[in-house]
Amino acid sequence: MKLILDTANLSDIRYFNDYYPIDGVTTNPTILSREGGDIVAHLHEIRKIIGPKKELHIQVTETEYEKILEEAKAIVKAFGTKETVCVKIPANDVGLRATKTLASEGYRITVTAVLSAGQALLAANAGAAYVAPYVSRLENIGADGVGTVAEIQEIFDASGTDTKILAASFKTAREVLDVALTGAGAATVSADVMKRLLAHTTTDTSIAGFAADWEKAFGKKTLGSML
Ligand code: E4P
């Protein structure tokens, strides 16, 4: 399962892009609103940090069909190519119409704010590259977020569609692991949840133990310096 970073914070993107195996960055209008300032320059900086090949998901802000098409094309032109920029379009009727048109012209669309398997089925049939089901927003309203992702994956497997799941809206590392078990193609994860996937106190004490035992036996010399 691909892991994408769900933030527009530049220092987080720099850190995770250097240290973690991330496949790209997702943003949405709320995430971008937290950064403020010259948001176009900010998005260019994100592209510079992750390089030309990784996926950058940017959501449209227009709500009318023709304007969504225009904005989507401008987004792709500004921040990469049809292959590397996924345009996020919300899962409503206008969004579906725009997805059908843009997908037929070779644009990669991430249909976002998906809260049901029905929406995911329609998005896939419209030609979306990804559908983004919101796991914790479903859990928050008493629905089964991971179960919805599993149902969507089953429908996609049964139909043989090329559309992939990009599961989104995670609050816990457990949710990410449960989604990985469904066979979903990708998940987009906040900096906090990404860190929680790696952190383990027993790993830290193990590393400290290795260092202490080595030093007791061989002093400050490293193995490399002895070779
Ligand atoms: C992807 O970019 C989604 O918009 C995002 O994961 C939503 O997350 P939230 O429910 O934490 O706002």
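Bear in mind the structure is a predicted one, so any value in this text is a computation, not a measurement.

Chemist: So what exactly am I meant to see when it comes to a nonpolar patch on the surface here?
Modeler: There is a patch of nonpolar side chains on the surface, built from Phe218, Leu223, Met226 and Leu227 and spanning about 460 Å² of accessible area. You can see Met226 is positioned in helix 12 (residues 223-226).

Chemist: Would you explain the site of the ligand in this entry?
Modeler: Residues in contact with the ligand, as listed here, are Asp6, Thr26, Asn28, Lys88, Tyr134, Arg137, Ala168, Ser169, Lys171 and Thr188. Asn28 places a polar side-chain atom, nitrogen or oxygen, 2.7 Å from an oxygen atom of the ligand. Here an oxygen atom of the ligand and a side-chain polar atom of Lys88 are 2.7 Å apart. Alone, the ligand offers 340 Å² of accessible surface; in the complex the protein occludes 86% of this. Tallied by class, residues from the shell around the ligand come to 2 nonpolar, 4 polar and 4 charged.

Chemist: Honestly, the pattern of salt bridges in this entry has me stumped. Any pointers?
Modeler: As a working rule, side chains carrying opposite charge can pair if their charged atoms are close by. Inspection of every chain in the model, using the stated rule, returns 7 salt bridges. A salt bridge links Glu55 to Lys2; the nearest nitrogen and oxygen atoms lie 2.9 Å apart. Taken together, the residues Glu55 in strand 3 (residues 55-59) and Lys2 in strand 1 (residues 2-6) connect sequence positions 53 residues apart. Accessibility expressed as a relative area gives 5% for Glu55, which makes it buried. Lys73 serves as the salt-bridge partner of Glu105, at 3.0 Å between the closest nitrogen and oxygen.

Chemist: Can you help me understand helix 4 (residues 65-79) in this one?
Modeler: Because each turn of an α-helix spans 3.6 residues, side chains separated by three or four positions end up pointing in the same direction. With 15 residues, helix 4 should reach 21 Å at 1.5 Å per residue; the first-to-last C-alpha distance of 21 Å fits that figure. The set of residues buried in helix 4 consists of Tyr65, Ile68, Leu69, Glu71, Ala72, Ile75, Val76 and Phe79. In this structure, the buried side of helix 4 is in contact with helix 3 (39-50), strand 3, strand 4 (85-90) and helix 5 (93-104). Two residues or fewer after helix 4 comes Gly80, characterised by a positive phi angle close to 150 degrees.

Chemist: What is the right way to look at the side chain of Glu55 in this model?
Modeler: Side chain to side chain, Glu55 and His57 meet in a polar contact 2.9 Å long. At 3.4 Å, the side chain of Glu55 and the side chain of Arg108 are in polar contact. Beyond its immediate stretch of four places on either side in the chain, Glu55 contacts Lys2, Ile4, Asp23, Gly24, Val25, Ile50, Thr84, Cys86, Arg108 and Tyr130.

Chemist: Sorry, what's going on with the environment of Cys86 here?
Modeler: With respect to the helices, strands and loops of the structure, Cys86 is situated in strand 4. Taking the C-alpha atoms as reference, Cys86 lies 18 Å from Thr161; in sequence the two are 75 residues apart. For Cys86, the contacting residues outside a window of four places in its chain are Glu55, Leu56, His57, Ile58, Arg108, Thr110 and Tyr130.

Chemist: Sorry if this is basic, but what is going on with the environment of Lys77 here?
Modeler: Here Lys77 shows up in helix 4. Measuring from C-alpha to C-alpha, the distance between Lys77 and Asp204 comes to 45 Å, with 127 residues separating the pair along the chain.

Chemist: Explain the pairing of strand 8 (residues 186-189) here, please?
Modeler: Successive side chains on a regular strand alternate, one facing one side of the sheet and the next facing the other. Of the two faces of strand 8, both are covered, the one formed by Ala186 and Thr188 as well as the one formed by Ala187 and Val189. Where strand 1 and strand 8 come together, 4 bridges link them in parallel fashion. Counted as the bridge partner of Lys2 is Ala186 from strand 8. Two elements, strand 7 (residues 164-167) and strand 8, share 2 bridges in a ladder whose sense is parallel. Paired with Ala167 across the bridge in strand 8 is Ala187. In terms of handedness, the path from strand 7 via helix 9 (residues 173-181) over to strand 8 forms a crossover that is right-handed.

How each quantity is defined
- Residues numbered from 1 in each chain as written.
- Predicted model: local features only at pLDDT ≥ 70, side-chain atom pairs only at ≥ 80, totals over all residues.
- Heavy atoms only, no water.
- Patch = residues over 30% accessible without salt bridge, like charges linked within 9 Å, V, L, I, M, F, W, Y side chains within 5 Å.
- Areas by Shrake-Rupley, 256 points an atom, 1.4 Å probe, with all protein chains shown as cover.
- Salt bridge = Lys/Arg side-chain N within 4 Å of Asp/Glu carboxyl O.
- Helix = DSSP H or I, 4+ residues; strand = E, 2+ residues; numbered from the N terminus.
- Near = heavy atom within 4 Å.
- Polar contact = N/O pair within 3.5 Å; in protein donor to acceptor, adjacent residues only side chain to side chain.
- Nonpolar A, V, L, I, M, F, W, Y, C, P; charged D, E, K, R; others polar.
- Buried < 20%, exposed > 50% of the residue type's maximum accessible area, 1.4 Å probe, protein only.
- Expected span 1.5 Å × (residues − 1).
- Contact = heavy atoms within 4.5 Å.
- Pairing = 2+ DSSP bridges.
- Right-handed = clockwise from strand over helix to strand, strands pointing away.

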